[in-house]
Amino acid sequence: MTGDVLALVNKSFFYRSNAIFEKDDQVWKQGQHFMGLSIPQYFNEHTALKGYGPVHTKARWWNDMVNVPFSSEAFVGGLLAMLLDVTLSHKDPATRKDRGMHWWDKYRSFKTDSRSEEFYSLPFNLNKFFPSV
């Protein structure tokens, strides 16, 4: 059963190129919401009908480690969001802005902001003994 679920996920999402992803962004978002709801529903229904989850091996600890997170809509939705976010092109300025990366650029280095020394200093002037990097 686990192979069926993985094959379904692979066919639906991960074989698309970045060019296709950029063209129909709305379709991907709808697909993410659909998969975020349908995968946990599949895991929950399988457990209700058969008494065990789709991942059913001799190692019960492994079954629980896979079945429990994939039964949660929040986990599956977050995992899909992370995977789809990683597949975006990092060079495109619009993508960087959508992901909020432009906001973090000024914090990439400790020395780019003059207030960093004051903000990250230790209390009671302990930064004399433990200087910031």
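One can find the structure itself at the top, above this paragraph.
Conventions adopted
Residues numbered from 1 in each chain as written. Predicted model: local features only at pLDDT ≥ 70, side-chain atom pairs only at ≥ 80, totals over all residues. Heavy atoms only, no water. Salt bridge = Lys/Arg side-chain N within 4 Å of Asp/Glu carboxyl O. Helix = DSSP H or I, 4+ residues; strand = E, 2+ residues; numbered from the N terminus. Buried < 20%, exposed > 50% of the residue type's maximum accessible area, 1.4 Å probe, protein only. Patch = residues over 30% accessible without salt bridge, like charges linked within 9 Å, V, L, I, M, F, W, Y side chains within 5 Å. Areas by Shrake-Rupley, 256 points an atom, 1.4 Å probe, with all protein chains shown as cover. Core = buried A, V, L, I, M, F, W, Y, C linked by side-chain atoms within 4.5 Å.

Following the criterion strictly, the structure yields one salt bridge and no others. Of the charged contacts, one joins Asp 64 and Arg 60 as a salt bridge, the two residues approaching to 3.6 Å between their closest N and O atoms. Placement of both Asp 64 and Arg 60 in helix 4 (residues 60-70) is noted, with a separation of four residues, approximately one turn of the helix. Residue classification places Arg 60 among the exposed residues on the basis of a relative accessible area of 63%.

Among the surface-exposed residues, Leu 122, Phe 124, Leu 126, Phe 129 and Phe 130 lie close enough to one another that they form a single nonpolar patch of about 610 Å² accessible area. Relative to the helices and strands, Phe 130 is located in the segment after helix 8 (116-119). By relative accessible area, which is 54% here, Phe 130 ends up exposed.

The nonpolar side chains of a soluble globular protein tend to be buried, and buried together. Counting seven residues, the largest nonpolar core is built from Met 35, Ile 39, Phe 43, Val 55, Val 66, Val 76 and Leu 80. Every element with two or more residues in this core is listed here: helix 3 (25-50) and helix 5 (73-86). Ranked by residues supplied to this core, first place goes to helix 3 with three residues.

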